[in-house]
Amino acid sequence: MTSGGSRLVIPLGVATGAALLTGLYTGLVGAPADAVQGEVQRIMYLHVPTVLSAYLAFTVVFVGSVGYLLTRREGWDILAHASAEIGVLFTALTIAAGAIWGKPTWGAWWTWDARITTTTILLLIYLGYLMLRAAVEDRARGARYAAVVGILGFLDIPVIHKSVEWWRTLHQPSSLARGAIDPVFQLPLMVNLAAFALLYAFLLAQRVGVGRLEAEILRRRLEE
Amino acid sequence: MSAGQVWALARKDLLTEGRSKETLNGLLFFAALVLLIFGFALGPDPARLEQAAPGILWVGFILTGVLGLTRAFQVERENECLEGLLLYPGDRGALYLGKLLGNVVLMLLLELTVFPCFAFFYNMPLWGALPGLLLTALLGTVGFAAVGTLFAAMTMHLRAREVMFPLLLLPFVVPVLLAAVKGTEAFLRGAGRAEAFPWLTLLGLFDLVFVTVSLFAFEWVVEE
């Protein structure tokens, strides 16, 4: 009997739950409201962790895709597929949170700004990745095609980013990278970053488990 | 892989097209229609049309390109020609480069014919800007066709290929569109090389990266 989930799932789940609760508390209660932006600035504690986790997820898609094409082991493909789904979820969350923040701050849900557009193009590329998988009937062929898209998509990210950045920029540069963030905001942000990284790992472990079960079902059906 | 193999493949495609002119005539008509439709959609205000013109030109090229690339592989699908090509001794890379070369030449022919229509409908002084415009068209077309040829080969066997192909391709070529439009705009305004140069560099870089990566990836796409 093959078990889908790994032993990691339960401890990971507990750790993720605890980290998310701590993150929520430090972000919503512990940290002071921003002097200029007010309460709405607290969206940052969701927005930044989701986008960084999404980048992590797409990096894992790239690694899984390369791993699959080199070794042809199904595990790599299941990993890449699982990670792409979570990446798409996190990217969509990032854009939604950004829009909710943008409306009161910039006065618009959407602007044609460099980072927003880059993130949206990323979302579209990986949605395409998932749709392609669904459209190809043969499993091995679908895995191969998806791996190619996973690799090309990852390589396209810096080019898209550079081109859109030259095209126009309104978004503030990363406060984290510039070190321009006050410690009272930095601590809750770090807690939330850790919490969302854990959430990513938890969802990934779950989704990989489901992926393995799917592969197992398919194998048994073929044996019959 | 030899230049001879690449040329033989491209020559085959161009010869077939040259004798039937099936694709080229249709695409030319379509491209001219796109130029007209945008004119109607934006209204007759000359200032507005002039501002939008570079974008319209490239949307025309890209939409026509999507149709053209779909056709290029439809031809190979009928009678299982691609399978035949794959049976020939010789590098799969040559097959990719040959298809790419054929597609690029076809698209460039089309663009050369669209430029006068564009100058005519949008009242654009083309003569002075022509060398710059052609260079931009060449670099943009190579980048678009590099990813397009790979994805067309990937989606040719899918049932939903007409939908999947543009859906996968368009987000990938956003940098090409941005850079080509900006480059075209700079040359049309007579702003000179200095302003267009960064965009042309970006296009060149995109071409280099994606022709190389697609060359390797093609092997994985066509393997059985």
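Residues numbered from 1 in each chain as written. Chains lettered and ligands numbered in written order. Predicted model: local features only at pLDDT ≥ 70, side-chain atom pairs only at ≥ 80, totals over all residues.

## Focus on the interface of chain A and chain B
Then comes step 1: Counting from both sides, the interface comprises 24 residues of chain A and, opposite them, 20 residues of chain B.
Then comes step 2: Only α4 (114-135) and α5 (139-167) of chain A provide two or more residues apiece to the side of chain A that touches chain B.
Then comes step 3: No other element matches the 15 residues that α5 of chain A contributes to the side of chain A that touches chain B. (Contact = placed C-beta atoms within 7 Å. Helix = DSSP H or I, 4+ residues; strand = E, 2+ residues; numbered from the N terminus.)

## Comments concerning helix α2 (residues 22-42) of chain B
Residue and element names in this part refer to chain B.
Then comes step 1: Taking 1.5 Å of rise per residue, 21 residues should cover 30 Å, and α2 covers 31 Å from first to last C-alpha, within 8% of that figure.
Then comes step 2: Elements that come into contact with the buried residues of α2 comprise α1 (3-20), α3 (46-77) and α5 (92-122).
Then comes step 3: Phi turns positive one or two residues past the end of α2, at G43, with a value near 90°. (Expected span 1.5 Å × (residues − 1).)

## A closer look at the nonpolar core
One broad trend across soluble globular proteins is that nonpolar side chains are buried collectively.
Then comes step 1: Counting 118 residues, the largest nonpolar core has V148 of chain A together with V147 and L203 of chain B as its most contacted members.
Then comes step 2: The element that contributes the greatest number of residues to this core is helix α6 (residues 130-155) of chain B, accounting for 13 residues.
Then comes step 3: Apart from residues no more than four positions distant in its own chain, L203 of chain B is found in contact with L139, G140, G143, V176, A179 and A180 of chain B. (Core = buried A, V, L, I, M, F, W, Y, C linked by C-beta atoms within 7 Å. Buried ≥ 20, exposed ≤ 12 C-beta atoms within 10 Å, placed from the backbone.)

## Some words on α5 of chain A
Then comes step 1: With 29 residues, α5 of chain A ought to run about 42 Å at 1.5 Å a step, and its terminal C-alpha atoms sit 40 Å apart, in line with that.
Then comes step 2: At D156 of chain A, α5 of chain A is bent by approximately 30°, the largest bend along its length, and proline P158 of chain A sits one to four residues beyond. (Bend = angle between axes of the 7 residues up to and from the residue.)

## Quick notes on the environment of P175 of chain B
Then comes step 1: Secondary-structure assignment places P175 of chain B in helix α8 (residues 174-188).
Then comes step 2: Sequence separation of P175 of chain B and G102 of chain B is 73 residues, and the distance between their C-alpha atoms is 23 Å.
Then comes step 3: Residues within four places of P175 of chain B in sequence aside, it is in contact with V159, I160 and S163 of chain A together with L202 and F206 of chain B.

Interpretation note: all reported values are geometric properties and have no functional meaning in isolation.
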